[in-house]
Amino acid sequence: MASYRQNELAVIVNGTAKQQSAFGVPLLAADLNTLLALKTRNVPQLAEVAQRLLDCYGRNTVDERIVSRSATWPLELVPTPRALAIFFALALGEVDAPAGAQANEVQTITIDATGGTFIVQMVFEGVTYRSAPIAWNASAVTVAAALNKMFEGFGATTVAVGKVGLVYTITFQNALGFAPMALMTTIVTGLTGGAGTAAAARTTAGSNYEHVMHESDSYQGPPTTMAYGFHRSSAQASLFFDAVVRSLGFTGTRGEQEMGASVSMFGSGNFPPIGAGYVYPTCANQFGIRPGDMRVKIGASWIGKDLQSLGFNYDLGILEQDAILFDSIDIQRAERADQIQRGLTLSLDGEPGDANYEKGRARDHDSVKIVLGVPRERIIVDIPSALFKLQSPAVGFDGQASRSTVKLNAVPDASLGGDIITVTYHGDLATQMLQVAV
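From a predicted model like this one, the values you see are computed outputs, not experimental measurements.

Chemist: So what about a negative patch on the surface? Which residues, and what values?
Modeler: Taken together, the side chains of Glu94, Asp96, Asp217 and Asp419 define an acidic patch exposed on the protein surface. With respect to the helices, strands and loops of the structure, aspartate 96 is situated in the loop between strand S5 (93-95) and strand S6 (106-112).

Dropping the structure here:
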């Protein structure tokens, strides 16, 4: 798995996506508190253009050449929800105050039987999790082992179980902590005696802090400052300031170790040193989101294990050619394009006749929700209305795909008004994101 230890080149950012107070005013070194792992050693690519301004007779209108210095930095990140949240905040440009509080989901199962076994199951975001049969009077330790085995795809020890009489109290924790979970259900055909029931109930709804991000109407992305260098020698780190997000995207394919994420930053062509005495923070994204932790919801239907791959891109179309960059002071003149490009590609498995593969869906509007990460910490991309286009290697009867794997291309539709996309970071961060440095 990729990490900064393998690559050594590090990018250091502010962990809450703090923005500069103005162009030409970098963040303080103390604000650069979050080190993100990179998969490649790409560094900012400098573009320096010398030009003269001439009048209609070909004479110089200024005594000196105008020199434009700017830089583009392609970042190949090890993606975590927090790393994606930082760059989504800078790309979209508006973030609501954090809402919610931290609470672990707590549910109970009450047994009314004198013998036999029961099975616990949960349908969560399109995937069914089911336990092995559990004895009607099993100990809390036994029930915890069965449920942790049931949720083992999220990691070890995701639930803790207590028992009083025949009432089990299940507390979700770790990767399943601080998150709203679906209510468990039970299969009780194996129970005997009494009422023969195993009733599940929710006593505490899980929740975490949420930061909702919206697309800004501004023609400028909020500028920020980053630093880069090799993690073994922070004294040689350089600043990359007046930096705005040019584009970002992520991809994931089941069977791979982790997802990929790419961000293109556009900013100043001057790279001053970060200063003596700066100490690198600990790496914040050493292990990325696993493709098994990506979910997609189309309309009311979750695409669980049928989701084979997805790709999402968000390109602001920065028009740096429209800016005259006097030694990069006027980076802010590099405006966004009139039309931001947004797109989603899904590869799905299923059976012929599945509604997701109908050719007519190419004309449909539908909502899309992309979820990346475990329930405790995740990025959620909401597209209220999207136009779908079917791509299939073969089409069978009634316009349906006759192959089990097809592609759906979705383009957000702005014609209905309102937010075209929103992004929510659900995680442990209680601090307001995208604050302006003082």
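Chemist: Please give an account of the nonpolar core that cites residues and values.
Modeler: One finds Phe87, Phe88, Met213, Met226, Phe250, Met265 and Phe312 to be the most contacted residues of the largest nonpolar core, which totals 68 residues. For this core, the element with the most residues is helix H2 (residues 81-92), which contributes 10 residues. Not counting the four nearest positions on each side in its chain, phenylalanine 312 is found in contact with Phe88, Leu248, Gly249, Phe250, Gly343, Leu344, Ile370, Val381, Ile383 and Ile421. By size, the runner-up hydrophobic cluster in this structure holds 32 residues, among which are Ile109, Ala138, Phe172 and Met184.

Chemist: An account of the packing of aromatic side chains is needed here, citing residue identities and associated values.
Modeler: Following the criterion strictly, the structure yields 11 aromatic pairs and no others. Each ring, one from phenylalanine 118 and one from tyrosine 168, has its centre 6.5 Å from the other, and the planes form 40 degrees; the classification is tilted. Of the two residues, phenylalanine 118 sits in strand S7 (residues 115-124) while tyrosine 168 sits in strand S11 (residues 167-172), which places them 50 residues apart along the sequence. On the basis of relative accessible area, phenylalanine 118 is assigned to the buried category, the value being 1%. Three or more aromatic residues joined by ring pairs form one cluster here, namely Trp73, Tyr228, Phe240 and Phe271.

Chemist: So what's going on with the layout of surface pockets? Residues and values would help.
Modeler: The computed volume of the second largest pocket comes to approximately 220 Å³. Along its surface, the second largest pocket is lined by 14 residues, and Gly288, Ile289, Arg290, Asp293 and Val374 are the ones closest to its centre. Class assignment of the residues belonging to the lining of the second largest pocket gives a composition of 6 nonpolar, 5 polar and 3 charged.

Chemist: I'd like to hear about the environment of alanine 205, residue by residue, with values.
Modeler: The residue alanine 205 is located in the loop between strand S14 (197-204) and strand S15 (209-215) in this model. Look at alanine 205 and you get partly exposed, because its relative accessible area is 49%. Sequence spacing of alanine 205 and alanine 103 is 102 residues, and the spatial spacing of their C-alpha atoms is 7.2 Å.

Chemist: How would you summarise unusual backbone geometry if you had to cite specific residues and measurements?
Modeler: Look at alanine 17: it is not a glycine, yet its phi comes out positive at around 60 degrees. Relative to the helices and strands, alanine 17 resides in the loop between strand S1 (9-13) and strand S2 (34-37). Classification of alanine 17 by relative accessible area gives buried; the value is 1%. Positive phi outside glycine occurs at threonine 157, with the angle close to 55 degrees. Within the secondary structure layout, threonine 157 lies in the loop between helix H3 (140-150) and strand S10 (159-164).

Chemist: Requested: an account of the side chain of serine 238, with residues and values cited.
Modeler: Tracing the chain through its elements places serine 238 in strand S17 (residues 238-253). Serine 238 has contacts with Met226, Ala227, Tyr228, Phe271, Pro272, Pro273 and Ile274, leaving out every residue within four places of it along the chain.

Chemist: Which residues make up the sheet that holds S14, and what values do they have?
Modeler: One open sheet accounts for 4 strands, arranged S10-S11-S6-S14; its pairing is antiparallel. Each edge of the sheet is formed by a strand with only one pairing partner; in this case those strands are S10 and S14. Across the sheet, the axes of successive neighbouring strands diverge by a mean angle of 20 degrees, strand direction being ignored. Here 5 bridges tie S6 to S11, and the two strands are oriented antiparallel to one another. Directly across from threonine 108, in S11, lies its bridge partner threonine 169.

Chemist: Explain the pattern of salt bridges residue by residue, including any values.
Modeler: If you walk through the whole model with that rule in mind, you get 10 salt bridges. Its salt-bridge partner being aspartate 293, residue arginine 290 comes within 2.9 Å of it at the nearest N-O pair. Put simply, lysine 369 and aspartate 382 hold a salt bridge, and the shortest N to O gap is 2.9 Å. Of the two residues, lysine 369 is situated in strand S23 (residues 365-374) and aspartate 382 in strand S24 (residues 377-391); the sequence distance between them amounts to 13 residues. Looking at lysine 369, the relative accessible area reads 24%, which means it is partly exposed. Members of the salt-bridge network, linked through shared partners, are Glu125, Arg295 and Arg378.

Cut-offs applied
- Residues numbered from 1 in each chain as written.
- Predicted model: local features only at pLDDT ≥ 70, side-chain atom pairs only at ≥ 80, totals over all residues.
- Heavy atoms only, no water.
- Patch = residues over 30% accessible without salt bridge, like charges linked within 9 Å, V, L, I, M, F, W, Y side chains within 5 Å.
- Areas by Shrake-Rupley, 256 points an atom, 1.4 Å probe, with all protein chains shown as cover.
- Salt bridge = Lys/Arg side-chain N within 4 Å of Asp/Glu carboxyl O.
- Lys, Arg positive; Asp, Glu negative; His and termini not counted.
- Charge placed at Lys NZ, Arg CZ, Asp CG, Glu CD.
- Helix = DSSP H or I, 4+ residues; strand = E, 2+ residues; numbered from the N terminus.
- Core = buried A, V, L, I, M, F, W, Y, C linked by side-chain atoms within 4.5 Å.
- Buried < 20%, exposed > 50% of the residue type's maximum accessible area, 1.4 Å probe, protein only.
- Contact = heavy atoms within 4.5 Å.
- Phe/Tyr/Trp six-rings, centres within 6.5 Å; stacked < 30°, edge-to-face > 60°.
- 1 Å grid on protein atoms, 1.4 Å probe; cavity = no way out; pocket = protein on both sides within 12 Å on 5 of 7 lines; lining within 4 Å.
- Points joined across faces, edges and corners; volume = space filled by probe spheres on them.
- Nonpolar A, V, L, I, M, F, W, Y, C, P; charged D, E, K, R; others polar.
- Pairing = 2+ DSSP bridges.
- Axes fitted to C-alpha atoms, helices over the stretch in contact; angles between N-to-C directions.

Honestly, that's just the spatial picture; any functional story needs more than this.
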